[in-house]
Amino acid sequence: MNCLTRQEVKDVIEGRGAAGRPPILFDLWIGNNVFNGDEGVRSAWLAKYPQDVEDIFLNIPDLIHAPADDPNYRWAGTDMDDMEDQGLDARILIDDWESEEAEKFFETFPNPEYKGLIPEKKPSGERYTIARWWYGFFERHWSLRGMENALMDFYLYPDEIHHLYQKLADFYMRIMERACTEMKIDGFFISDDLGTQKSPFFSQDIFREFFKPYYKQIIVKAHELGAHFWLHTCGNIELFLPEFIEIGLDVIHPIQKYTMEEKQIAEKYGDQICILAGFDVQQTIPFGTPEEVRKEVRYLLDAYQRDDGRLMLTMGNGSTEDWKLESLQALYEEAIFYGSRNR
Amino acid sequence: MNKIEEISEYLQKGKAKIVKKLVQEALDEGMDPKVILNEGLLDGMMIVGGKFKREEVFVPDVLVAARAMNMGIGVLEPRLVEAGNEPIGKVVIGTVKGDLHDIGKNLVTMMLKGAGYEIYDLGVDVDAATFIDKAEEVHANIICMSALLTTTMPNMQGVIDLMKERNVRDKYTVMIGGAPVTESFAKEIGADYYTADATSAAEVAKKVAKSC
């Protein structure tokens, strides 16, 4: 299947013109769990369709486990047991910011020069390429503190959170430099869920104090390196979107269905940022029919498609076992067919 | 502003230490612990819940208010026991089997506590039998289930099916919620209530308590 060129994708992101169809990136979120864990079957199935963007995951530190050649290349400052029986958002590595463990955490912060950061298998460089890592600022914060502590930290421990976020920004900026030195990277793509189903997790004041300055640093760094910056952030984040645009965010994902209204977002912001529209994975893909999938594709394209580009298509989030292949097939077919109309 | 109003006001601002101090002062002045609880702490928490529902405040504000409420209740608790204070009901709550997401369920827990319920939080990854066994053990009024994933939502049905199998379905009100959960899904699986947010869950639970 023919893929779009690097330049075509860049032009779409920067609003310099739509390609023959919107870039299609569904494959980035379709895992082998849809294919009974068989990577070969997955690759063969996806090869039938466009994969307009190539991706590579940087080997950022694990939460608890360090590699043999660098015992500090992990987020936990001290040895800890796995906490797999606890809620994802309830695991607490740093119980108290005023404790020795917190000091140890900062003292043993992972070194961005770790040689294993860049995966051995490099991207082909033939297509637009993104370097990815998950857990940006808030997600890394709550993975260390547990969600409830993290959310209260903005009120109770503001100095510590500024310290943490600056350390993270410094780490991220250095790994971005290294990625661009060692590979041909066109964009960085990170995750940081800042929204819930109804509203953002926190206020605009908290966003402005704790997020905007640090996001600005890493977005500016990406631009200095000649790369775009892409952000995955689930939930309703419309409150923050104008200020993300102001600090230069290039691509926003997914504009989650049922949390924000697509046409309204397109009208307000469609000419200022590239929308990586995430197809609904809460209802349509797991529970809908292929015809409902096609209808939703047309709805998204009608809402977002513009003559100057600024639209790419992907899934709203990672695959789960209940995704149906016939629905994914309908998704690809309709995205290509309807996305190419009048082009 | 009287002492009770002050307790409510400072709770809404999340000032836990001040709330704790004011509750102690109120007790020392001979105020009824039930009045301090209901008209001070729980009233303040329900006001925060209302603001949260209207999106005037956000999750951190609810959390710091709940923290203040818990500190106040900590001071009150021995006196409430002496006074024979009863909760308005009992809730067994958890995130269903296979699902490790916690925060939504915890917010509901805080708001239900603020509504005057005694809470039995089973945590995450809770199987059907555990929900029912705990509800039977503590004579709960409500079973609350949370799920964030489309793949774990069906496990809510599993709990209801097991309740029917054990002939206990009618003993409990079943409430469900979570990002992918909908009203129609609640109807489909035979749950009594779906609520979209923590405050709505507490409002429904209060109505359930009144109807018991």
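The coordinates are above.
Residues numbered from 1 in each chain as written. Chains lettered and ligands numbered in written order. Predicted model: local features only at pLDDT ≥ 70, side-chain atom pairs only at ≥ 80, totals over all residues. Heavy atoms only, no water.

Draft legend 1. Seen up close, the sheet that holds strand E4 (residues 228-232) of chain A. Residue and element names in this part refer to chain A. The parallel open sheet is built from seven strands, whose spatial order is E1-E2-E3-E4-E5-E6-E7. What marks the edges here is a single partner per strand, and that holds for strand E1 (53-57) and strand E7 (311-315). Taking each pair of neighbouring strands and ignoring which way they run, the sheet shows an average axis angle of 25°. Inspection of the sheet shows strand E5 (residues 251-253) paired to strand E6 (residues 274-279) by two bridges, in the parallel sense. Residue pairing across strands places Val251 opposite Cys274, the latter belonging to E6. Against the sheet, helix H7 (residues 204-224) contacts strand E3 (187-191) and E4, and its axis sits at roughly 140° relative to E4. (Pairing = 2+ DSSP bridges. Helix = DSSP H or I, 4+ residues; strand = E, 2+ residues; numbered from the N terminus. Axes fitted to C-alpha atoms, helices over the stretch in contact; angles between N-to-C directions. Contact = heavy atoms within 4.5 Å.)

Draft legend 2. Spatial organisation of the packing of aromatic side chains. Within the structure shown, the criterion is met by 41 aromatic pairs over all chains. Here Phe202 of chain A and Phe240 of chain A contribute two aromatic rings whose centre-to-centre distance is 5.6 Å and whose plane-to-plane angle is 20°, an arrangement assigned as stacked. Of this pair, Phe202 of chain A sits in the loop between E3 and H7 while Phe240 of chain A sits in the loop between E4 and helix H8 (241-246), and the two are 38 residues apart along the sequence. Each member of the pair, Phe202 of chain A together with Phe240 of chain A, is buried. Above the ring of Trp29 of chain A, the side-chain terminus of Arg132 of chain A is found at 5.4 Å from the ring centroid. The aromatic ring of Tyr10 of chain B is capped on one face by Lys13 of chain B, whose charged end is 5.2 Å from the ring centroid. (Phe/Tyr/Trp six-rings, centres within 6.5 Å; stacked < 30°, edge-to-face > 60°. Buried < 20%, exposed > 50% of the residue type's maximum accessible area, 1.4 Å probe, protein only. Lys NZ or Arg CZ within 6 Å of the ring centre and 35° of its normal.)

Draft legend 3. Just the environment of Leu117 of chain A, in detail. Residues and elements named next belong to chain A. Among the secondary structure elements, Leu117 is positioned in the loop between helix H3 (100-107) and strand E2 (128-133). On the basis of relative accessibility, which here comes to 0%, the residue Leu117 falls in the buried class. For Leu117, the residues in contact, after removing those within four places along its chain, are Leu58, Asn59, Ile60, Tyr73, Pro112, Ile175 and Arg178.

Draft legend 4. Focus on the pairing of E6 of chain A. All names here are of chain A. Of all six residues in E6, six are buried; the element is thus mostly enclosed. The side-chain alternation of E6 yields two buried faces, one formed by Cys274, Leu276 and Gly278 and the other by Ile275, Ala277 and Phe279. Here five bridges tie E6 to E7, and the two strands are oriented parallel to one another. Across the sheet, Phe279 pairs through a bridge with Met315, a residue of E7.

Draft legend 5. Just the nonpolar core, in detail. Formed by 170 residues in total, the largest nonpolar core has its most connected members in Phe138, Tyr165, Phe202, Phe211, Tyr215, Trp230 and Met315 of chain A. Among the elements that take part in this core, helix H4 (residues 59-82) of chain B stands out by supplying twelve residues, more than any other. A domain split of this core shows at least three residues from each of domain 1 (3-82) and domain 2 (89-211) of chain B. Not counting the four nearest positions on each side in its chain, Phe138 of chain A is found in contact with Met147, Ala150, Leu151, Phe154, Tyr165, Asp192, Asp193, Leu194, Phe201, Phe202 and Phe211 of chain A. If you look at the next biggest cluster of nonpolar residues, it comprises 28 residues, including Ala147, Tyr172, Ala186 and Ile189 of chain B. (Core = buried A, V, L, I, M, F, W, Y, C linked by side-chain atoms within 4.5 Å. Domains from an automatic or database assignment.)

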